[in-house]
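Residue strings, one per chain:
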Amino acid sequence: MWQKTLVITSLLLVGCAAQTPDQTTGQESISAQPSDRISTTAQEPVKPVPQGDAFNDYKPIDGVHSTASDARDPFEPVNRAAWFINYDVLDPYVVRPVAHAYADYVAVPIREGVQNVVLNLEEPASFVNHVITGDAVGAGTNLVRFGVNSTIGLFGFFDVAEKMTLTSKPKDFSQVLGGMGVGNGPFLMVPVYGPTTLRQLSGDVVDGLYFPYDVMTFAMRAGKWALNGLYERSELIDREPIIDNALDPYGLTKDFYLQYQDAKIDKEAATETDEDLSDFMDEIDG
């Protein structure tokens, strides 16, 4: 009896010994599989992005930079340097304090009278430009306004012609060129002088050849320009936050100025929005 029991017990032990390695191996294999997958994922190399692929829009961070340029402003680096002089140096320390003092301490009728004298000096040039474009009505208005305001109006201090329903019709040579199809040309920011374009600058030179500029000394011309700029700058005081709070004051000023120049070409056909823009830019255009 005991012999049978010993044989059976031996067989059972042999069977368990034979199954244990297989089960252990299976468990090791199962437990090894996630480890192998994790290892494979962690060590998998990153595929390099082909830099010459025309259909791939990937760009490394270090290589991202703006290449945008404004065709209207080919001299932007130089213009921005001039803007720094005008806006960051001259305006806060010289122009702005003087303009505020002018607005605070000089009575409105005096300021407007002085500006009338300045604008009266531009009537002869406007007369010539209206003649060039064949606008007889505009030319006649300029001629009569200059004669009346220069005499009865005390050199233009009082706009008597306006009370005679002779509304001002200014026209500079830049508008004449624009009407002939001449573009603005490059935008320019001139130290002290302010924003302009090649067409506007050329027009100002031509307008300066007519009476009374041809008999005025350099000091008289400079005084006229300074008085005009002072008045226009004082009219901008309430609108200073528009430029001061802009993300790019230079870019905003440039866009406003170029829109204004385009609107000047045909003021008669301008919309109310264009007229508001013209009124705004008339005050900052030097």
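Scroll up to find the structure.
Residues numbered from 1 in each chain as written. Predicted model: local features only at pLDDT ≥ 70, side-chain atom pairs only at ≥ 80, totals over all residues. Heavy atoms only, no water.

Undergrad: When you look at the overall build of the protein chain in this model, what are you seeing that I'm missing?
TA: Scanning the protein chain from terminus to terminus reveals 12 helices and 2 strands. Listed N to C, the secondary structure of the protein chain is α-α-α-α-α-α-α-β-β-α-α-α-α-α in terms of helices and strands. In the protein chain, which comprises 286 residues, the share counted as buried stands at 30%. Of all intrachain contacts in the protein chain linking residues separated by at least 6 positions in sequence, the fraction that spans at least 24 positions is 66%. Split by element, the accessible area of the protein chain, about 18400 Å² in all, is 65% carbon and sulfur. (Helix = DSSP H or I, 4+ residues; strand = E, 2+ residues; numbered from the N terminus. Buried < 20%, exposed > 50% of the residue type's maximum accessible area, 1.4 Å probe, protein only. Contact = heavy atoms within 4.5 Å. Areas by Shrake-Rupley, 256 points an atom, 1.4 Å probe, with all protein chains shown as cover.)

Undergrad: Would you explain the packing of aromatic side chains in this entry?
TA: Each aromatic ring pair is described using two quantities: the centre-to-centre distance and the angle formed by the ring planes. Here the structure, examined in full by the defined rule, presents 8 aromatic pairs. Both rings, one in W83 and one in Y87, keep their centres 4.8 Å apart while their planes meet at 15°; by these two values the pair is stacked. Here W83 pairs with Y87, and both are found in helix α2 (residues 76-105), just 4 residues apart, close to one helical turn. Across this residue pair, the class does not change: W83 and Y87 are buried. (Phe/Tyr/Trp six-rings, centres within 6.5 Å; stacked < 30°, edge-to-face > 60°.)

Undergrad: How do you make sense of a nonpolar patch on the surface when you look at a structure like this?
TA: Judged by side-chain polarity, F84, I85, V89, Y93, V94, V95 and V98 come together as a nonpolar surface patch covering roughly 620 Å² of accessible area. If you trace the backbone, V89 turns up in helix α2. (Patch = residues over 30% accessible without salt bridge, like charges linked within 9 Å, V, L, I, M, F, W, Y side chains within 5 Å. Salt bridge = Lys/Arg side-chain N within 4 Å of Asp/Glu carboxyl O.)

Undergrad: I tried to follow the pairing of strand β2 (residues 194-197) on my own but got confused; where do I start?
TA: On a regular strand, each side chain points to the face opposite its neighbour's, so the side chains alternate between the two faces of the sheet. As paired strands, strand β1 (residues 187-190) and β2 are joined by 4 bridges and run antiparallel to one another. In the sheet register, V190 faces β2, and the bridge partner there is G194. What sits between β1 and β2 in their antiparallel hairpin is a turn of 3 residues, with V192 showing a positive phi close to 75°. (Pairing = 2+ DSSP bridges.)

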